[in-house]
Amino acid sequence: MGKQASTKVCVTGGAGYIGSWLVKKLLEKGYTVHATLRNLDDQLKVGLLKSLPGADTRLVLFQADIYKPYEFRYAIQGCEFVFHVATPQQTAGSSHSSQEIVEAAISGVRSIAESCIESQSVKRLIYTASMLASSPLTKDGFNLKSCLNESNWTPSDIIFTHGFEYMRAYTISKTLAEKEALRYNENPGDEKLLEVVTLTCGLVGGETLLPYVPLSVEVMFSQLIGKPQTFEGLELMEEVMGSVPVVHIEDVCDAHIFCMEKPSMRGRFLCAAANPTIREMATYFLENESQYQMPEEFMGEEKKGIAYDSSKLVKLGFEYKYDMKKILDDSVKCGRRLGSIFLH
Ligand SMILES: NC(=O)c1ccc[n+]([C@@H]2O[C@H](COP(=O)([O-])OP(=O)(O)OC[C@H]3O[C@@H](n4cnc5c(N)ncnc54)[C@H](OP(=O)(O)O)[C@@H]3O)[C@@H](O)[C@H]2O)c1
């Protein structure tokens with residue numbers, strides 16, 4: 001048995017967009033994967049994960065819900081690394097308030113970190129954070145700092161003009177949950193107990209294993225299809241972050257694995273390959289997808305984007321392979337393949 005096969009890693013939210021791609025890559029690399037999902041009776045999600053190459057011998061599925069966070073402990077037991085990818089979200093028919101979602105995200109992180117420590121097997125917890133938590137806006141929301149980098153934190157009382165209530169709840173939940181995760185790095189006495197890495201990702205695009213277009217991919221090409229509901233997500237990102245940091249699904253998953261394979265690593269790392277404005281994305285689409293009409297209201301403002309410092313992860317040796325063009329092209333390909341982008 002290779003070293004990788006004997007290394008067990010856990011992926012929470014293993015059937016989601018990022019989670020399923022990460023599970024696929026980990027299996028390809030030979031690791032044994034404990035993946036969690038909320039419902040083991042969901043034949044579609046279970047079938048998708050079980051059909052991945054290597055799944056028959058090296059994938060074990062566990063049922064766990066963030067609203068019952070103790071359930072994750074069974075999946076975590078015996079693992080060396082835990083990727084906490086799952087996040088509570090407001091979905092159609094969901095009965096949870098924004099406040100409950102924020103609290104569940106924070107207590108989920110806390111409970112998972114405690115299970116990691118109790119297990120005595122977990123060396124590092126890698127949390128999939130969002131760059132919506134790293135706003136360079138000052139508290140009053142009127143000024144931008146000069147650069148997007150790891151020192152920025154979205155103020156929890158920030159007021160946005162764009163975005164729906166569920167997007168605001170998501171932003172606050174990701175900010176506070178990431179802070180909670182990093183708290184486990186703070187106590188010098190606990191240094192040997194657990195390393196925590198937060199990988200603070202931009203908007204993720206590219207292909208998918210899922211049978212539908214993931215939300216972030218649809219946000220990525222929302223201008224092209226002129227869909228106000230998802231375009232609102234782009235506008236929220238530009239408002240909160242000064243522009244739209246983007247990253248390809250391949251790079252995002254490779255970055256997760258990079259953070260795992262380093263002998264030692266902890267702290268916060270931004271993860272995005274490019275940082276266009278909405279207008280720059282529109283210009284790219286107009287030049288390269290000229291068969292589609294883009295109404296003026298989806299073109300974004302003519303403005304200068306904010307500088308983005310991607311060096312912290314890169315200095316450790318990580319290389320992005322996909323630039324903005326590739327991220328947008330692959331997102332459009334995914335939308336076309338799954339029938340979300342078509343000519344009227
Ligand atoms: N996509 C992006 O642009 C982006 C950018 C930055 C950060 N992120 C972060 O990446 C992670 C994955 O996002 P995604 O884009 O892959 O979204 P996704 O496809 O919607 O996946 C969300 C995952 O969370 C799980 N989940 C939802 N509610 C849960 C609950 N109550 N208990 C347990 N699991 C629950 C879902 O599990 P089930 O399969 O069981 O429903 C699913 O696996 C999230 O933490 C997100 O904040 C995403």
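The structure under discussion appears in the preceding block.
Residues numbered from 1 in each chain as written. Predicted model: local features only at pLDDT ≥ 70, side-chain atom pairs only at ≥ 80, totals over all residues. Heavy atoms only, no water.

Focus on the overall build of the protein
- For the protein, the helix and strand inventory stands at 14 helices and eleven strands.
- The globule rule puts the C-alpha radius of gyration for 344 residues at 20 Å, and the 19 Å found for the protein is close to it.
- Principal-axis analysis of the C-alpha atoms places the extent of the protein at approximately 55 × 45 × 45 Å.
- Accessible surface, the protein as shown: approximately 15,000 Å² in total, 51% of it carbon and sulfur.
- Side-chain charges of the protein comprise 36 positive and 43 negative groups, with the mean position of each set lying 6 Å from the other. (Helix = DSSP H or I, 4+ residues; strand = E, 2+ residues; numbered from the N terminus. Rg over C-alpha atoms; globule rule 2.2 N^0.38 Å. Areas by Shrake-Rupley, 256 points an atom, 1.4 Å probe, with all protein chains shown as cover. Lys, Arg positive; Asp, Glu negative; His and termini not counted. Charge placed at Lys NZ, Arg CZ, Asp CG, Glu CD.)

Brief notes about the pairing of strand β10 (residues 267–271)
- Most of β10 is tucked away: five of the five residues are buried.
- Alternating residues of β10 divide into Gly267, Phe269 and Cys271 and Arg268 and Leu270, and every residue in both groups is buried.
- Where strand β7 (residues 195–201) lies against β10, five bridges are found, and the strand directions are parallel. Paired with Thr198 across the strands is Arg268, a residue of β10. (Buried < 20%, exposed > 50% of the residue type's maximum accessible area, 1.4 Å probe, protein only. Pairing = 2+ DSSP bridges.)

Re the side chain of Ser173
- Mapped onto the elements, Ser173 comes out in helix α7 (residues 165–183).
- In this structure the side chain of Ser173 is engaged in a polar contact, spanning 2.9 Å, whose partner is the backbone oxygen of Tyr170.
- When sequence neighbours within four positions are dropped, the list of residues in contact with Ser173 reads Ile101, Val102 and Ala105. (Polar contact = N/O pair within 3.5 Å; in protein donor to acceptor, adjacent residues only side chain to side chain. Contact = heavy atoms within 4.5 Å.)

Some thoughts on the pairing of strand β1 (residues 8–12)
- Summarising burial for β1: four of the five residues are buried, a large majority.
- As defined by bridge partners, β1 adjoins strand β2 (residues 32–37) across four bridges and the pair is classed as parallel. In the sheet register, Val9 faces β2, and the bridge partner there is Val33.
- Since β1 and β2 lie parallel, the crossover through helix α2 (residues 17–28) that links them has a hand, and here it is right-handed.
- Strand direction decides the pairing type here: β1 and strand β4 (residues 81–84), joined by four bridges, are parallel. Directly across from Thr12, in β4, lies its bridge partner His84. (Right-handed = clockwise from strand over helix to strand, strands pointing away.)

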